[in-house]
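# Results of the structural survey
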Amino acid sequence: PQPLDTLLLHLDAGEIDRAVMLPLDCTTAHGTTIVSNEQVAWLAEQSDRLLPFASVDPTLPDAPKSLEHAVRSYGALGLKLDPALQQFAIDDRDHAYPVYQACVELGIPVLIHCGMSWAPTGLASHAHPLLLERVIHDFPPLPIVIAHMGWPWVRESAMLAIKHRHICLD
């Protein structure tokens, strides 16, 4: 944790105009959130340079409604998911698909952490970018950002981004 002024000074030093603030809901996998949607919304209210995203736990039945609440009540501009740390399958039709559908209906992008997870409990097998291929085909209007270019699977991530216009790399 650091004072907001320190964060803004870092943005200034890096010549960064705006930054996306990312929470992470690990309720099922770890019994906690890593910064909540409410905390990110509060932080974004402190500066117009900070853009709030939301996170939901796709394995919870109320995940789509929780996402809608974060967008409508907290002004979330997108969704952050980390399948390795949250321990869910990217292409899980029963759990992840309703969340992707909510993103489409809400008109927001999803940023998905693919590739290596620094967390010892993170399961990289859940985060291979090629698992997105079925999702990309099933949700063509959904903008997807592959975080960290899916490292170490950068080639696979690049292939998806080259092949599909609504896929971006971070």
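For the structure, see preceding data.
Once a new chain begins, its residue numbering starts again from 1 and follows that chain's sequence as written. Per-residue local features are limited, in this predicted model, to residues with pLDDT of at least 70; the limit for side-chain atom pairs, both in listing and counting, is 80 or more; totals at the level of whole chains, interfaces and linings are taken over all residues. In computing side-chain properties, one takes all heavy atoms of the structure into account and sets aside hydrogens as well as water.

## Structural notes on the side chain of arginine 49
The helix and strand labels rest on DSSP assignments: H or I over at least four residues marks a helix, E over at least two residues marks a strand, and numbering proceeds from the N terminus. Mapped onto the elements of the fold, arginine 49 is located in the loop between helix 3 (37–45) and strand 4 (50–52). Only protein chains enter the area calculation, which uses a 1.4 Å probe; residues under 20% of their type maximum are buried, those over 50% are exposed, and those in between are partly exposed. Exposure remark for arginine 49: the relative accessible area of 19% places this residue in the buried category. One polar contact links the side chain of arginine 49 to the main-chain carbonyl oxygen of isoleucine 16, over a distance of 2.6 Å. When residues no more than four places from it in sequence are discounted, the contact partners of arginine 49 are Leu8, Leu11, Asp12, Ile16, Asp17, Arg18 and Ala19. Between N or O atoms, a polar contact is any pair within 3.5 Å; within protein, one atom must be a potential hydrogen donor and the other a potential acceptor, and residues adjacent in sequence are included only when both atoms are from side chains. The contact rule is simple, with two residues in contact once any of their heavy atoms fall within 4.5 Å.

## With respect to the sheet that holds strand 6 (residues 110–113)
Judged by pairing direction, the sheet is parallel, and its four strands sit side by side in the order 5-6-7-8 without closing on themselves. Edge strands, defined here as strands with exactly one partner in the open sheet, are strand 5 (79–81) and strand 8 (167–169). On average, each strand axis in the sheet is tilted by 25° relative to the strand beside it, whichever way the strands run. Here the rule is simple: two strands pair whenever DSSP picks up at least two bridges between them. Here strand 6 runs beside strand 7 (residues 144–147); their pairing, made up of four bridges, is parallel. Its bridge partner lying in strand 7, leucine 111 is registered against valine 145. All axes here are fitted lines through C-alpha atoms, helices being fitted over the stretch that makes contact, and every angle between N-to-C directions spans 0 to 180 degrees.

## Examining a nonpolar patch on the surface
Residues Met116, Trp118 and Trp151 make up a contiguous nonpolar surface patch of roughly 420 Å² in combined accessible area. Positionally, methionine 116 belongs in the loop between strand 6 and helix 7 (132–138). Patch membership is restricted to residues that have no salt bridge and whose relative accessible area is over 30%. Joining uses 9 Å for like charges and 5 Å for the nonpolar side chains Val, Leu, Ile, Met, Phe, Trp and Tyr. Residue-level accessible areas treat just the shown protein chains as cover; the underlying method is Shrake-Rupley with a 1.4 Å probe. A pairing counts as a salt bridge when a side-chain nitrogen of Lys or Arg comes within 4 Å of a carboxyl oxygen of Asp or Glu.

## Quick notes on the pattern of salt bridges
Throughout the structure, instances matching the rule amount to five salt bridges. For glutamate 68, the salt bridge is made with arginine 72, and the minimal N-O distance between the two is 3.0 Å. Within this pair, glutamate 68 and its partner arginine 72 are both found in helix 4 (residues 63–74), separated by four residues, close to a single helical turn.

## Some details on the side chain of histidine 128
Looking at the secondary structure, you find histidine 128 in the loop between strand 6 and helix 7. Among the polar contacts listed, one links the side chain of histidine 128 to the backbone nitrogen of leucine 130, at a separation of 3.1 Å. With near-sequence residues (within four places) excluded, histidine 128 lies in contact with Ile90, Trp153 and Glu156.

## Description of the environment of proline 143
Structurally, proline 143 can be placed in the loop between helix 7 and strand 7. Remark: the alpha-carbon pair of proline 143 and isoleucine 34, spanning 109 residues in sequence, is separated by 24 Å.

## Some thoughts on helix 6 (residues 96–106)
Considered for burial, the residues of helix 6 that qualify are Ala96, Tyr97, Val99, Tyr100, Ala102, Cys103 and Leu106. Elements in contact with the buried residues of helix 6: helix 4, strand 5, strand 6 and helix 7. Looking one or two residues past helix 6, glycine 107 carries a phi angle of roughly 70°, positive in sign.

## Quick word on the packing of aromatic side chains
Any pair of aromatic rings gets described here by the distance separating the centres and the angle formed by the planes. Any Phe, Tyr or Trp ring, taking Trp's six-membered ring, that has another such ring centre within 6.5 Å forms a pair; planes under 30 degrees apart are called stacked, those over 60 apart edge-to-face, and the others tilted. Tallying each qualifying case throughout the model produces three aromatic pairs. Considering the side-chain rings of tyrosine 97 and phenylalanine 139, the 4.9 Å spacing of their centres and the 70° angle between planes classify their relative orientation as edge-to-face. Here phenylalanine 139 lies in the loop between helix 7 and strand 7 and tyrosine 97 lies in helix 6, a separation of 42 residues in the sequence. Take tyrosine 97 and phenylalanine 139: they sit in the same class, and that class is buried. For phenylalanine 139, a relative accessible area of 7% puts it in the buried group. Through a chain of ring-to-ring contacts, three or more aromatic side chains come together here, namely Tyr97, Tyr100 and Phe139.

## What to know about the packing of helix 4 against helix 6
Running from amino to carboxyl end, helix 4 crosses helix 6 at an angle of 30°, the nearest separation of the two axes being 8 Å. By the angle between their directions, the pair helix 4 and helix 6 is classed as roughly parallel. Crossing of helix 4 against helix 6: the hand is right-handed. Note on element contacts: helix 6 touches helix 4 through Pro98, Val99, Ala102, Cys103 and Leu106, opposite Ala63, Pro64, Leu67, Glu68, Val71 and Arg72. Put simply, angles under 35 degrees are roughly parallel, angles over 145 are roughly antiparallel, angles from 65 to 115 are roughly perpendicular, and the rest are oblique. Note on convention: near helix rotated counterclockwise from far helix by under a right angle means a left-handed crossing. Clockwise means right-handed.

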